[in-house]
Amino acid sequence: MVLLDGKKTSNAIKDEIASQVSSLVASGEKKPHLAAVIVGNDGASLTYVASKVKACERVGFESTLVKLPETISEKELLHTILQLNTNPKIDGYIVQLPLPKHIDEQNILLAIDPKKDVDGFHPVNVGRMALDLPTFLPATPYGIMELLERYDVETSGKNVLVIGRSHIVGRPMSILMSQKRKSGNATVTIAHSHTKQLSTLTKTADIIVAALGIPEFLTGDMVKNDVTIIDVGITRVADNTKPKGYYITGDVHFDSVSKKASYITPVPGGVGPMTIAMLLKNTLLARNRHAN
Ligand code: NAD
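Residues take numbers from 1 onward in each chain, read along the sequence in its written order. Selection of residues for local features in this predicted model requires a pLDDT of at least 70, selection of side-chain atom pairs for listing and counting requires 80 or more, and totals for whole chains, interfaces and linings are taken over all residues. Side-chain figures throughout are based on the complete set of non-hydrogen atoms in the structure, without hydrogens or water.

Caption draft 1: The pairing of strand 11 (residues 261–264), seen in detail. DSSP calls a pair of strands paired once it identifies at least 2 bridges connecting them. Note on conventions: DSSP H or I runs of at least 4 residues are helices, E runs of at least 2 residues are strands, and numbering of each starts at the N terminus. In terms of strand pairing, strand 1 (residues 2–3) meets strand 11 through two bridges, oriented parallel. Directly across from Val-2, in strand 11, lies its bridge partner Tyr-263. In the sheet, strand 8 (residues 227–231) pairs with strand 11 via three bridges, with the strands oriented parallel. Each bridged residue has a counterpart across the sheet, and for Thr-228 the counterpart in strand 11 is Tyr-263.

Caption draft 2: Here's a closer look at the side chain of Asp-206. Turning to its location among the elements, Asp-206 is positioned in the loop between helix 8 (198–202) and strand 7 (207–210). Its relative accessible area of 18% is what places Asp-206 among the buried residues. Pairs of N or O atoms are called polar contacts if they sit within 3.5 Å, as long as, within protein, a hydrogen donor faces a hydrogen acceptor (for residues adjacent in sequence, only side-chain-to-side-chain pairs). There is a polar contact of 2.7 Å between the side chain of Asp-206 and the backbone nitrogen of Asn-159. A distance of 2.6 Å separates polar atoms of two side chains, one belonging to Asp-206 and the other to Lys-224. Residues count as neighbours in contact if any of their non-hydrogen atoms are within 4.5 Å of one another. Not counting the four nearest positions on each side in its chain, Asp-206 is found in contact with Lys-158, Asn-159, Lys-224, Asp-226, Val-227 and Thr-228. Exposure is judged per residue with a 1.4 Å probe applied to protein chains only, and the accessible area is read against the type maximum: over 50% gives exposed, under 20% gives buried, and values in between give partly exposed.

Caption draft 3: Region of interest: the site of the ligand. Residues are counted as near a molecule or strand when any one of their heavy atoms sits within 4 Å of it. Taken together, 20 residues form the shell around the ligand, and within it Arg-165, Ser-166, Ser-193, Ile-234 and Thr-275 come nearest. Ser-193 has a polar backbone atom sitting 3.0 Å from an oxygen atom of the ligand. At a separation of 2.8 Å, an oxygen atom of the ligand approaches a polar side-chain atom of Thr-275. Considered on its own, the ligand offers 860 Å² of accessible surface; in the complex 71% of this is hidden by protein. By residue number, the principal contributor to the shell around the ligand is helix 10 (residues 271–291), which donates three residues. Put simply, Ala, Val, Leu, Ile, Met, Phe, Trp, Tyr, Cys and Pro go in the nonpolar bin, Asp, Glu, Lys and Arg in the charged bin, and everything else, Gly too, in the polar bin. Residue composition of the shell around the ligand, by class: ten nonpolar, nine polar and one charged. All accessible areas in this document rest on Shrake-Rupley with a 1.4 Å probe, and a residue is counted as covered only by the protein chains that are shown.

Caption draft 4: Structural view of helix 7 (residues 170–178). Those residues of helix 7 that sit buried are Gly-170, Pro-172, Met-173, Ser-174, Leu-176 and Met-177. Residues of helix 7 that are buried make contact with helix 5 (123–130), helix 6 (139–150), strand 5 (159–163), strand 6 (187–191) and strand 7.

Caption draft 5: Region of interest: the nonpolar core. Side-chain atoms within 4.5 Å are what join buried Ala, Val, Leu, Ile, Met, Phe, Trp, Tyr and Cys residues into a set we call a nonpolar core. In this structure, Ile-17, Phe-61, Ile-144, Met-177, Val-209, Ile-230 and Val-232 are the most contacted members of the largest nonpolar core, which totals 48 residues. Listed by contribution, the elements that provide at least two residues to this core are helix 1 (6–26), strand 2 (33–39), helix 2 (43–59), helix 6, strand 5, helix 7, strand 7 and helix 10. Examining the composition of this core, we find that nine residues originate from one element, helix 10, more than from any other. If sequence neighbours within four positions are ignored, Val-232 has contacts with Thr-140, Ile-144, Val-169, Val-209, Ala-210, Ala-211 and Val-271. In terms of nonpolar packing, the next biggest core, distinct from the first, is built from 18 residues, Leu-77, Leu-84, Ile-90 and Tyr-93 among them.

Caption draft 6: Representation of the pairing of strand 8 within the structure. Among the five residues of strand 8, five are classified as buried, and the element is accordingly described as predominantly covered. The alternating pattern of strand 8 places Val-227, Ile-229 and Asp-231 on one face and Thr-228 and Ile-230 on the opposite face, and all of these are buried. Sheet topology note: the strand 7/strand 8 ladder contains four bridges and is parallel. Residue pairing across strands places Ala-210 opposite Asp-231, the latter belonging to strand 8.

Caption draft 7: Structural view of the sheet that holds strand 3 (residues 62–68). Strand order in the open sheet formed by three strands is 3-2-4, and the pairing between neighbours is parallel. Edge strands, defined here as strands with exactly one partner in the open sheet, are strand 3 and strand 4 (92–95). Between one strand axis and the next, the sheet turns through 15° on average, direction left out of account. To get an axis, fit a line to the C-alpha atoms, keeping to the stretch in contact for a helix; angles then go from 0 to 180 degrees between the N-to-C directions. This element, helix 2, spans strand 2, strand 3 and strand 4 of the sheet and lies at about 160° to strand 3.

Right, dumping it as structure tokens:
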């Protein structure tokens with residue numbers, strides 16, 4: 001069994017990005033600048049945003065954290081978005097999801113300038129991805145594609161099962177892996193909450209991407225030997241014996257599934273760090289596009 005080490009791979013990607021930033025700085029050019037908008041005080045969201053800002057420092061990017069109160073109105077948030085769209089210093093930005101319930105997420109995502117949409121969530125960028133045109137790929141699926149590529153996992157002609165059809169993970173993952181591209185050319189099935197007899201599908205899949213958000217859902221008895229497992233899930237499970245009062249686990253029961261897998265991502269240390277590295281990659285791309 002080979003562990004698909006997202007931490008190690010993401011560090012290698014960050015080193016590559018850092019060396020490109022050093023070259024830009026050496027030639028007197030502008031560093032990439034990422035902004036992150038966070039609304040409210042959700043613990044997990046604050047942690048994610050903090051790690052994105054920290055990653056910017058690590059590779060030499062400028063970063064701006066825009067922290068807004070939970071009570072902000074949709075109109076006020078749209079005003080912030082407009083400012084970010086027109087600020088020439090900002091190459092790309094993200095709006096950390098989920099947003100408070102009184103704000104329409106779609107309205108916010110639609111207001112982001114597609115040229116600065118380094119999360120790749122704007123319909124223009126989703127459309128470009130679906131048509132296999134140059135774009136910002138959404139960071140989590142992009143990270144998974146990169147991980148598969150760097151570990152030389154064969155995907156061509158393989159039966160891939162993506163569990164989950166969210167706009168940010170499952171759906172784009174299914175599109176990318178079915179495309180004619182590296183880590184693509186697969187025969188993809190997408191499963192969701194209405195799928196019947198899921199275990200019939202899991203047992204025949206060569207590669208499973210689990211992105212449903214149910215801790216340790218996929219167990220060893222549900223998979224075949226030599227399967228490749230990509231565990232996207234990140235859930236905080238309450239546990240008073242842990243210093244933080246919780247532990248983090250994925251959608252895969254690692255102990256039983258890893259015994260049968262040929263490749264598997266751990267949680268933490270798998271898809272999560274790759275997501276951050278690809279966000280940085282998209283920001284560098286945004287900066288280079290703005291400069292040209
Ligand atoms: P989501 O809640 O938007 O979507 C979950 C999907 O799972 C839905 O499409 C639903 O139909 C499907 N589903 C639910 N129950 C199912 C079942 N019993 N059988 C089959 N399908 C079922 O979730 P999301 O935003 O895609 O996130 C999924 C998980 O991935 C979460 O744990 C989230 O925290 C994690 N996540 C991790 C990263 C990362 O960087 N590692 C990024 C995004 C999301």
